[in-house]
Each structure stands twice: as C-alpha cells, then as structure tokens.
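# Structural overview
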Amino acid sequence: MMEIGLNHYLVLSTILFAIGLVGVMRRKNLLLLFFATEILLNAVNVAFAAISHYYGDLTGQMFAFFVIAIAASEVAVGLGLLIVWYKRHSSIDLDALTAMKG
Amino acid sequence: MFEAVAFYLFAFLTITMFFITVTTSQALYALSALAAGMIFISAFFFILGADFLGAVQIIVYTGAVMALYAFGMMFFDTTREVKEKQGNKYIIVGLSTLAAVLVVVIFAAPMVSENIVALYPAIEGVGNTQEVGLILFTKYLVPFEVAAIMLLVAMVAGIVLAGKKMDLSITLMNDAEIEEQNNTKVLS
C-alpha cells in the first residue's frame, strides 16, 4: 500500500483519461471540448513518464515531450479555427456546427 | 512513505480539478481548474524524476497554452449558456465499452511486458536535463526539428486564421448573392 508502483500511476492515468473521455462525450461547448482534449493528452503523459521511470528508459519522456509540442500546436490552430467560426456564426455550440452536414 | 503521501495527495487534487473542469457550466471556472490540474500533473513528473518534463509542463502548459486559452476566451460570449443535451445513446454506450476495454488493456500491459529491456537506459550520476538533452539531440534530432517546424506552421496558421476578415459568410449566402459578390469583386 505504501509502496507506489507502476500500477498506481497507470490507474491514475486511466481515471484521468476516463474523466477526459466523459468530457469529450458530454460537453456541447466547443471550448470545453478543447479542455477535455487537453485532459486526455495529460493523462497519456502521466502514463509515459511513469513507464519511463519504472523501466529506466528515457524514451517515454521523449514521447511526453513531443505530446506537449503537439498539444501546443493543436491549441494554436484550433483556437484560430474557433475564432473564425465564432465570427461567422456568433456561437460555439457544437450542435450548431452543421455546415458540413451532407 | 513521503512518496506515497505525495502521490495520493496530488492524485486526489488532480482528479478533483479535472472533474471540476468537465462538470462545471462556467467556462472561466473550467479554465482555472484546468490550469490548476496541469500544475498538479507536473508534481507527478517531479516525483518520477523527470525534472525537465515537469518544468516544460509548467512553462508550456500553464504558461503558454492556458494564456492562449484565456486570450481566446475573450473573443467568445461565454456567459451565455450553451444548451447541454444528451446525444446519441448508442455512441455513449459504444465509447464506454471502448473505455472499459482500454482499462483492461492498461491493467494487462505490465503483466505481459515483464522482460522489457531499456533501449536508452538512464545514465548514472548525470542530471535528468542532461540525459534528456543527450538523447534529444542524438537519437531524436530529426523528430525534434520536425516538431519545431510544425510549431512554426501552427503559429503562422493561427495568426492567419484569427486575423482574417470575416464580415461575409459564403456558406450562409444563396447562389444569387455569391454571384453578385463575385461580379462586384471583378468590377472593383
């Protein structure tokens, strides 16, 4: 119980990933959907760092580093698109996003 | 002992903060809770000995990404409530099943990977930042440079998108109006 092992971190990562998944499924506000995506990426980063520590391998930390870089560029492009969408429709409701519906 | 206390404390705080993020109806509370959760995530990196990653987490996530989100929130009318109604039941059931399978896979992963050997083992007597630097600029140099170019492209794309004039929307116009718009553009 007092010894923190790899399983503890994997359980924590799973819980955080589940919270993010619930956010992605349930929210209709596009900005909060972005927040939920950030939670998903952070949950994966915790798993990467924990595996990197317990197997004594630095590749996990490298991947977490690249995940952070990906997340930063995702925010830059996503927020630009969101601003364009808001300027056109004055709403960030996911249900109003029907322009590409067939 | 100390490690266990720190782990449980920060696990509780992180889960609470991220739970607030996905359940609150106020976008500003969600942003603040998310920023706090990001800082608590960096605590796990420090506990795990990944000092460089923890510093990057604080600088990039809570410094840059959260500032960008706060800046973006100024454009939106977040005080107006977005209607939250339940979507398709089948999609939720399907995604929940997928999440359950994911949990099983994650629990099974340490059992099936008993005889893993480290590809880039940690170097003794060297700080974490130095180790990361050694690997980043030898084995992972090309992905590192590609990530740099990707960030540059994303930055330019963000500026171009956000700075665009959006006074007319072609998707909301009918064909006659678009034709008229094109004619005036040709004449002027």
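Criteria and thresholds
Residues numbered from 1 in each chain as written. Chains lettered and ligands numbered in written order. Predicted model: local features only at pLDDT ≥ 70, side-chain atom pairs only at ≥ 80, totals over all residues. Heavy atoms only, no water. Helix = DSSP H or I, 4+ residues; strand = E, 2+ residues; numbered from the N terminus. Rg over C-alpha atoms; globule rule 2.2 N^0.38 Å. Areas by Shrake-Rupley, 256 points an atom, 1.4 Å probe, with all protein chains shown as cover. Expected span 1.5 Å × (residues − 1). Bend = angle between axes of the 7 residues up to and from the residue. Buried < 20%, exposed > 50% of the residue type's maximum accessible area, 1.4 Å probe, protein only. Contact = heavy atoms within 4.5 Å. Core = buried A, V, L, I, M, F, W, Y, C linked by side-chain atoms within 4.5 Å. Domains from an automatic or database assignment. Lys, Arg positive; Asp, Glu negative; His and termini not counted. Salt bridge = Lys/Arg side-chain N within 4 Å of Asp/Glu carboxyl O. Polar contact = N/O pair within 3.5 Å; in protein donor to acceptor, adjacent residues only side chain to side chain. UniProt positions renumbered as here; feature names shortened; annotations may be inferred. Arc of directions from axis to C-beta. Patch = residues over 30% accessible without salt bridge, like charges linked within 9 Å, V, L, I, M, F, W, Y side chains within 5 Å. Axes fitted to C-alpha atoms, helices over the stretch in contact; angles between N-to-C directions. Parallel < 35°, antiparallel > 145°, perpendicular 65-115°, else oblique.

### Overview of the overall build of chain A
Assigned secondary structure in chain A consists of 3 helices and 0 strands. Helices and strands in chain A line up, N terminus first, as α-α-α. What you see for chain A is a C-alpha radius of gyration of 17 Å, clearly larger than the 13 Å of a compact globule of 102 residues, by over 25%. Overall size of chain A, expressed as C-alpha extent along the three principal axes, is 55 × 25 × 25 Å. Working note: accessible area of chain A is about 3900 Å², and carbon and sulfur atoms make up 70% of it.

### Remarks on helix 3 (residues 51–73) of chain B
For helix 3 of chain B, which comprises 23 residues, the first-to-last C-alpha distance of 31 Å matches the rise-based estimate of 33 Å (1.5 Å per residue) to within 8%. The sharpest bend along helix 3 of chain B comes to roughly 25°, located at M66 of chain B. Turning to helix 3 of chain B, its buried residues number three or more, namely L53, G54, V56, Q57, Y61, T62, V65, M66, Y69, G72 and M73 of chain B. Looking at the buried residues of helix 3 of chain B, the elements they touch are helix 2 (30–54) and helix 3 (59–89) of chain A together with helix 2 (27–47) of chain B.

### Looking at the nonpolar core
Counting 62 residues, the largest nonpolar core has Y9, L31 and F35 of chain A together with L53, M66 and Y69 of chain B as its most contacted members. For this core, the secondary structure elements donating two or more residues are helix 1 (6–26), helix 2 and helix 3 of chain A together with helix 1 (2–23), helix 2, helix 3 and helix 5 (128–136) of chain B. Residues lining this core come from more than one domain, with at least three contributed by each of domain 1 (1–82) and domain 2 (128–187) of chain B.

### Side note on the side chain of D57 of chain A
In this fold, D57 of chain A is placed in the loop between helix 2 and helix 3. Buried D57 of chain A, no salt bridge; nearest opposite-charge side chain is K139 of chain B, N-O distance 11 Å. Of note is the side chain of D57 of chain A, whose polar atom sits 2.8 Å from the side chain of T59 of chain A.

### Considering the UniProt feature "transmembrane region" (unreviewed entry) in chain B
All names here are of chain B. Those residues carrying the UniProt feature "transmembrane region" (unreviewed entry) are residues 6–22, 29–49, 55–78, 90–112 and 140–163 in this numbering. Between the C-alpha atoms that bound residues 6–22 the distance is 24 Å, and the span itself is 100% helix and 0% strand. Summarising residues 140–163: 92% helix, 0% strand, and an end-to-end C-alpha distance of 35 Å.

### Quick notes on helix 6 (residues 141–162) of chain B
Along its 22 residues, helix 6 of chain B runs 32 Å from first to last C-alpha, staying within 8% of the 32 Å computed at 1.5 Å per residue. Along helix 6 of chain B, the positions that sit buried rather than exposed are A147, A154, G158 and L161 of chain B. Considered in projection along helix 6 of chain B, the buried side chains sweep an arc of 70° and stay on one side of the axis. More than 90 degrees from the buried face of helix 6 of chain B, the exposed residues found are V142, I149, V153 and I159 of chain B. Among the structural elements, helix 3 of chain A are those in contact with the buried residues of helix 6 of chain B.

### Focus on a nonpolar patch on the surface
Residue and element names in this part refer to chain B. Together, L152, M155, V156, I159 and V160 make up a nonpolar patch on the protein surface, roughly 470 Å² of accessible area in all. Among the secondary structure elements, I159 is positioned in helix 6. Its relative accessible area of 56% is what places I159 among the exposed residues.

### Comments concerning the interface of chain A and chain B
Often, the extent of an interface is quoted as the loss of accessible area on bringing the components together. On the side of chain B, 86 residues touch chain A, which itself brings 72 residues to the contact. The interface formed by chain A and chain B includes 0 salt bridges. Where chain A packs against chain B, one counts 7 residue pairs in polar contact (both at pLDDT 80 or more). Among the elements of the structure, helix 1, helix 2 and helix 3 of chain A are those that each provide at least two residues to the side of chain A that touches chain B.

### Topic: the packing of helix 3 of chain A against helix 3 of chain B
Across the interface, helix 3 of chain A lies against helix 3 of chain B with an axial gap of 11 Å and an inter-helix angle of 10°. One element, helix 3 of chain A, and the other, helix 3 of chain B, form an angle in the roughly parallel class. Along the contact surface, helix 3 of chain A presents Q61, A64, F65, I68, A71, A72, E74, V75, A76 and L79 of chain A, while helix 3 of chain B presents F52, L53, V56, Q57, V60, Y61, V65, L68, Y69 and G72 of chain B.

### As for the side chain of R27 of chain A
Considering the arrangement of structural elements, one finds R27 of chain A in the loop between helix 1 and helix 2. In terms of polar contacts, R27 of chain A uses its side chain to reach the backbone carbonyl oxygen of V22 of chain B, at 2.8 Å.

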